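The chain contents come next:
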Amino acid sequence: MRNLCFIILLATFVSCTHSQNNTKTTLQFTDTVRVLNDLVNITNTQKPRNYKNIKTLDSVANYIKSEFIKVCDTTAFQNFDVENKTYRNVIGSIGIENKERIIIGAHYDVYGNHTGADDNASGVVGILELARLLSKEKLNYRIDFVAYTLEEPPFFRTAQMGSAIHANYLNENKIPVKGMICLEMIGYYNDKPNSQENPIPGMSLIYGNKADYITVVQHKNSGEFSDEFNELFNSKKIIKTESLKGNSMLPGVDFSDHLNYWNLNYDAVMITNTAFYRNKNYHKKGDVLSTLNLHKMALVIEQLFLSIKSLK
């Protein structure tokens, strides 16, 4: 009876897909030297890149834009004011001749006075490397790479989040969006048993208890874009991958910037290592570069690259 109740509860919150086997581990496209250089430049700041240290945020934003300028067709800051202070999203675009857009985003601010290597320098580095790789491809859609600020508390789940500002801009200007991909913590892995926790007891029967995979998170009512992307991402088999469909009743499903696109009915997915369900350095001083698995992080970026360029 207990097992039956769990199965019913799980079905209410989430749909699961088993992980992929026979994964490849050799990199063909992602440059780990560039990835490491980006990580160092984003995390090695005199003061933490939190909402109080605007000069630090601006210096990181300038670095991100300088890297976008090297490969993107256009680059821009999206400035917005919060409590009489100016903050910046950074946008780099490729394929600007195409009308329909894909948004690929990650936040560059941190919680508190921490380094934030996994949360979320890893995601920002992901969009920088994807910009370099995808800029060489002939695509049928425009891609906007967006580095957001103010994702972290005290602005999380408010209209002041950088991603809320960006999503509202798209909506107000009736800009056609194919879908959105959010990169939220893609750098931390652990192959040891019991290194992975789950929001509902018993989910380990499906996902296992090792923190050795990357996850595609979709909304329970996902659309054509996220379904196609999930299928492509799983099919590449470069890194062990799990899929999850859920809603806000499952803690963590909407804990990042994709939330603001879901709120406006844009089709969006989150790519994540599951954050605090495995990385116990989350929002703590231990979230530093030495805890990241650079190779697996690069494999995630490579799988993203091959999946995105395969989108119809």
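Up top you'll find the structure we're talking about.
Below: a short report on this structure. All values derive from a computational prediction rather than experimental measurement.

1. Quick word on the pairing of strand β6 (residues 177–184)
In step 1: Counting buried residues in β6 gives 8 out of 8 residues, a clear majority hidden from the surface.
In step 2: Strand direction decides the pairing type here: strand β4 (residues 101–107) and β6, joined by 5 bridges, are parallel. Paired with isoleucine 104 across the bridge in β6 is isoleucine 181.

2. Things to note about empty space enclosed by the protein
In step 1: Enumeration according to the criterion identifies 1 cavity of 30 Å³ or more in this entry.
In step 2: Considering only enclosed or pocket space, the largest cavity measures out at about 50 Å³ in volume.
In step 3: Forming the walls of the largest cavity are Val110, Tyr111, His114, Gly116, Asp119, His283, Lys284 and Asp287.

3. Comments concerning the pattern of salt bridges
Side-chain pairs of opposite charge can arise where the charged atoms are in close proximity.
In step 1: The full count for this structure, using the stated rule, is 14 salt bridges.
In step 2: The partner of arginine 157 in a salt bridge is aspartate 254, and the shortest N-O contact between them spans 2.6 Å. Here arginine 157, found in the loop between β5 (142–148) and α5 (162–172), pairs with aspartate 254, found in the loop between β8 (241–246) and α8 (258–262); they are 97 residues apart in sequence, far enough to count as distant.
In step 3: Take arginine 157: its relative accessible area is 42%, and that puts it in the partly exposed class.
In step 4: Close ionic contact of lysine 245 with aspartate 227 constitutes a salt bridge, the shortest N to O distance being 3.3 Å. Here lysine 245 is found in strand β8, whereas its partner aspartate 227 is found in helix α7 (residues 224–236), with 18 residues between them in sequence.

4. Description of the layout of surface pockets
Empty pockets left among the atoms are what a rolling probe the size of a water molecule brings to light.
In step 1: In this structure, the largest pocket encloses a volume near 370 Å³.
In step 2: Forming the walls of the largest pocket are 32 residues, and the residues nearest its centre are Gly252, Val253, Met270, Thr274 and Tyr277.
In step 3: Contributing elements (two or more residues each) for the lining of the largest pocket: β7 (214–219), β8 and β9 (268–272).

5. Structural notes on the packing of aromatic side chains
What describes a pair of aromatic rings is the distance from one ring centre to the other and the angle between the planes of the rings.
In step 1: Under the definition given, this model contains 13 aromatic pairs.
In step 2: Ring geometry for phenylalanine 80 versus tyrosine 87: centroids 6.4 Å apart, planes at 35°, classification tilted.
In step 3: For phenylalanine 80, a relative accessible area of 7% corresponds to the buried category.
In step 4: Measuring from ring centre to ring centre gives 6.3 Å for tyrosine 207 and tyrosine 213, while their planes differ by 25°; the resulting arrangement is stacked. A single burial state applies to tyrosine 207 and to tyrosine 213, both of which are buried.

6. Remarks on the state of the cysteines
In step 1: For the structure on display, the rule yields 0 disulfides.
In step 2: Free of any disulfide, cysteine 72 has its nearest cysteine sulfur in cysteine 182, 18 Å distant.
In step 3: Exposure remark for cysteine 182: the relative accessible area of 0% places this residue in the buried category.

7. Observations concerning the packing of helix α3 (residues 54–71) against helix α4 (residues 117–134)
In step 1: Here α3 crosses α4 at 15°, and the two axes come no closer than 9 Å. Between α3 and α4, the interaxial angle falls into the category roughly parallel. The element α3 and its partner α4 pack so that their crossing is left-handed. Residues Tyr63, Ile64, Glu67, Phe68 and Val71 of α3 form the contact with α4, whose participating residues are Val124, Ile127, Leu128, Ala131 and Arg132.

Conventions and cut-offs
- Residues numbered from 1 in each chain as written.
- Predicted model: local features only at pLDDT ≥ 70, side-chain atom pairs only at ≥ 80, totals over all residues.
- Heavy atoms only, no water.
- Buried < 20%, exposed > 50% of the residue type's maximum accessible area, 1.4 Å probe, protein only.
- Helix = DSSP H or I, 4+ residues; strand = E, 2+ residues; numbered from the N terminus.
- Pairing = 2+ DSSP bridges.
- 1 Å grid on protein atoms, 1.4 Å probe; cavity = no way out; pocket = protein on both sides within 12 Å on 5 of 7 lines; lining within 4 Å.
- Points joined across faces, edges and corners; volume = space filled by probe spheres on them.
- Salt bridge = Lys/Arg side-chain N within 4 Å of Asp/Glu carboxyl O.
- Phe/Tyr/Trp six-rings, centres within 6.5 Å; stacked < 30°, edge-to-face > 60°.
- Disulfide = S-S within 2.5 Å.
- Axes fitted to C-alpha atoms, helices over the stretch in contact; angles between N-to-C directions.
- Parallel < 35°, antiparallel > 145°, perpendicular 65-115°, else oblique.
- Left-handed = near helix turned anticlockwise from the far one by under 90°.
- Contact = heavy atoms within 4.5 Å.

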